[in-house]
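Survey of secondary and tertiary structure
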Amino acid sequence: MNYYSTNGKAPIATLEKAVVKGLAEDRGLYMPERIKNLPQEFFDHIEELSFQEIAYQVADAFFGEDVPADKLKQIVYDTLSFDTPVVPVKENIFSLELFHGPTLAFKDVGARFMARLLRYFNGEDTVNVLVATSGDTGSAVANGFLGVEGVHVYVLYPKGKVSLIQEYQFTTLGHNVTALEVDGVFDDCQALVKNAFMDDELNRHMKLTSANSINVARFLPQSFYYFYAYSQMKKRGLADNLVVCVPSGNFGNICSALFGKKMGLPVKRFIAANNANDVFYKYLQTGKYEPKDSVQTIANAMDVGAPSNFARILDLYKGSHDAVCQDISGATYSDVQIADTIRECLSETGYLLDPHGACGYSALKEGLKPDEKGVFLETAHPAKFKDTVERITGKVVEIPPRLAAFMKGTKQSVSISKEFTDFKLYLLNQ
Ligand SMILES: *Cc1c(COP(=O)(O)O)cnc(C)c1O
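Residues numbered from 1 in each chain as written. Predicted model: local features only at pLDDT ≥ 70, side-chain atom pairs only at ≥ 80, totals over all residues. Heavy atoms only, no water.

**Some words on the overall build of the protein chain**
- Of regular secondary structure, the protein chain possesses 20 helices and 14 strands.
- Taking 430 residues into account, the globule formula puts the C-alpha radius of gyration at 22 Å, and the protein chain, at 21 Å, falls close to it.
- Among the 430 residues that make up the protein chain, the fraction classed as buried is 57%.
- Summarising the internal contacts of the protein chain: among those between residues at least 6 apart in sequence, 73% fall at separations of at least 24.
- Roughly 17,300 Å² of accessible area belongs to the protein chain as shown, and the carbon and sulfur atoms make up 47% of that amount.
- Within the protein chain, one finds 44 positive and 52 negative side-chain charges whose respective centroids are separated by 1 Å. (Helix = DSSP H or I, 4+ residues; strand = E, 2+ residues; numbered from the N terminus. Rg over C-alpha atoms; globule rule 2.2 N^0.38 Å. Buried < 20%, exposed > 50% of the residue type's maximum accessible area, 1.4 Å probe, protein only. Contact = heavy atoms within 4.5 Å. Areas by Shrake-Rupley, 256 points an atom, 1.4 Å probe, with all protein chains shown as cover. Lys, Arg positive; Asp, Glu negative; His and termini not counted. Charge placed at Lys NZ, Arg CZ, Asp CG, Glu CD.)

Shown next as structure tokens:
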């Protein structure tokens, strides 16, 4: 299957090129030329299938022409070695818990899938993945790529600007993961990575690639979740009039859900839940897309002022605001509202939300009609935001063993300045 750019000015690319390059030459996002419908029979029996079996059928529709069946199956099965249960929270409202992977957040699946697909395409050469992080992406990518042969990951993060838990999730891994502690801010890290990709000498010395969230190999596999959520609701006899609510920042996750709908997934409608960064919400209300600087919130993985996957959503709906609005509605919440929701949900139901999932839960609680059932995505474990959640609830948040294990590791990082010449010299010596 070939991939075109949302900007329409770059050559058509193969899957391999789209995965290795990430972004098209015209700075557009790659889109698959066709979105295949899955057969009715698949949906008729979906509740009898495991998560891995469901995911393989979906992956086959996207990648089956480009990756041999046995290889693709292995990639899917390796990626999904943990569960994503659907848990009842309140009448008609269910949580799809996406925090049972290595770093306890939903980005694990995309990162793990991409690592394995990249390895497949790259053959014997070592490929070096550069990733700049303000916290969560670095841990998902580092853990997703950990131990994958033929791939080395360099995580660049701003010194003193990520939480201790986040830092330990990518500095204690060793093996094929190197953490670079940059004396600067996140933007400096991002600038170093961008400069590296543009530097001819460096690119002759080593094969470089990015693991950006716009990569088709990271964002498309997220659609697996939605098929699985549907199957779990169908098993309960609750799949009619299903509404799925996605806490959104860069809109990669919800975009993969919309791909699922185009493939025939019987979800009635979607809600994109935002924190105070409400650019998409405003677009739904007015038809105008006006990106702006992000504002800092307690749901910080959604602090995005110019969602990169907006271009994909528009492309999917051929630019029609009306068509977008038929499938998606929006919601936006302030930090105060998020905190109130966490407190209320805990006292009413006993379920502890994280600040991102809280936006999703709120939107369902407010927007669900009597004949509808709702599933929101709980995108991270509340322990990842321990300080915030404890401050809100006044109760201690238990740290799951998997997260605690990181804290027992030894931090290993290489300190570098924010000057490109230092970074380049370091890489040239590897
Ligand atoms: C990345 C992230 C989001 C937002 O997902 P997008 O695909 O960027 O919309 C939501 N919650 C958590 C915990 C995240 O890490």
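This is not the end of the story, as more comes after the structure.
**Describing unusual backbone geometry**
- The backbone phi angle of Asn241 is positive, close to 50°, even though this residue is not glycine.
- Looking at the secondary structure, you find Asn241 in the loop between helix H11 (223-235) and strand E10 (242-247).
- Asn241 sits in the partly exposed class, given a relative accessible area of 31%.
- One non-glycine residue, Lys318, lies in positive phi territory at about 50°.
- By the element assignment, Lys318 lies in the loop between helix H14 (310-316) and helix H15 (321-327).
- The exposure class assigned to Lys318 is exposed, which follows from its relative accessible area of 77%.

**Examining the pairing of strand E11 (residues 269-274)**
- Within E11, 6 of the 6 residues are buried, which leaves it mostly tucked inside the rest of the structure.
- The alternating pattern of E11 places Arg269, Ile271 and Ala273 and Phe270, Ala272 and Asn274 on opposite faces, both of which are buried.
- In this structure, E10 lies alongside E11, joined through 5 bridges in parallel fashion. Residue pairing across strands places Val243 opposite Arg269, the latter belonging to E11.
- Between the parallel pair E10 and E11, the chain is carried across by helix H12 (residues 252-262), and the sense of this crossover is right-handed.
- Bridging between E11 and strand E12 (residues 328-332) involves 5 bridges; their strand directions are parallel. When the sheet's bridge partners are listed, Ala273 is paired in E12 with Ala331. (Pairing = 2+ DSSP bridges. Right-handed = clockwise from strand over helix to strand, strands pointing away.)

**Examining the sheet that holds strand E6 (residues 127-132)**
- Strands sit in the order E9-E6-E7-E8-E14 across an open sheet of 5 strands; the sheet is parallel. Across the chains shown, the open sheet's two edge strands, defined by having one partner strand only, are strand E9 (207-210) and strand E14 (414-416). Going from strand to strand, the sheet's axes swing by 30° on average, the running direction of each strand aside.
- Across 6 bridges, strand E7 (residues 151-158) lies against strand E8 (residues 177-182) in parallel orientation. (Axes fitted to C-alpha atoms, helices over the stretch in contact; angles between N-to-C directions.)

**What to know about the environment of Ala239**
- Residue position: Ala239 is located in the loop between H11 and E10.
- If near-sequence neighbours (up to four positions away) are discounted, Ala239 is found in contact with Tyr230, Met233, Lys234 and Pro266.

**Here's the deal with the pattern of salt bridges**
- In this structure the tally under the stated criterion is 18 salt bridges.
- Of the charged contacts in the structure, one is a salt bridge between Lys386 and Glu390, with a shortest N-O distance of 2.7 Å. Within this pair, Lys386 and its partner Glu390 are both found in helix H18 (residues 386-393), separated by 4 residues, close to a single helical turn.
- Each of the salt bridges in this network shares a partner with another, and the network as a whole consists of Lys90, Glu344, Glu348 and Lys365. (Salt bridge = Lys/Arg side-chain N within 4 Å of Asp/Glu carboxyl O.)

**A short note on helix H20 (residues 420-428)**
- Restricting attention to buried positions, one finds in H20 the residues Phe420, Phe423, Lys424, Tyr426 and Leu427. For H20, the angular spread of the buried residues around the axis is 160°, confining them to a single face. Of the residues in H20, the exposed ones pointing more than 90 degrees away from the buried face are Thr421 and Leu425.
- Here the buried face of H20 lies against E6, E7, E8, helix H8 (186-198), helix H9 (200-205) and E14. (Arc of directions from axis to C-beta.)

**Details of the packing of helix H3 (residues 51-63) against H11**
- Remark: H3 packs on H11, axes separated minimally by 9 Å, with the N-to-C direction vectors making an angle of 135°. By the angle between their axes, H3 is oblique relative to H11. For the pair H3 and H11, the sense of crossing is right-handed. Together, Phe51, Ile54, Ala55, Val58, Ala59 and Phe62 of H3 and Ser223, Phe224, Tyr225, Phe227, Tyr228 and Ser231 of H11 make up the contact between the two elements.
- Residues of the contact of H3 with H11, tallied by class, amount to 10 nonpolar, 2 polar and no charged. (Parallel < 35°, antiparallel > 145°, perpendicular 65-115°, else oblique. Left-handed = near helix turned anticlockwise from the far one by under 90°. Nonpolar A, V, L, I, M, F, W, Y, C, P; charged D, E, K, R; others polar.)

**So, the nonpolar core**
- In this structure, Phe63, Phe145, Phe227, Phe280 and Ile313 are the most contacted members of the largest nonpolar core, which totals 133 residues.
- The element that contributes the greatest number of residues to this core is H3, accounting for 9 residues.
- Apart from residues lying up to four places away in sequence, Phe280 is in contact with Phe251, Ala272, Asn274, Phe310, Ile313, Val324 and Ile328.
- Residues Leu202, Phe423, Tyr426 and Leu427 belong to the second largest nonpolar core, which totals 18 residues. (Core = buried A, V, L, I, M, F, W, Y, C linked by side-chain atoms within 4.5 Å.)

Any link to function would need more than the numbers given here.
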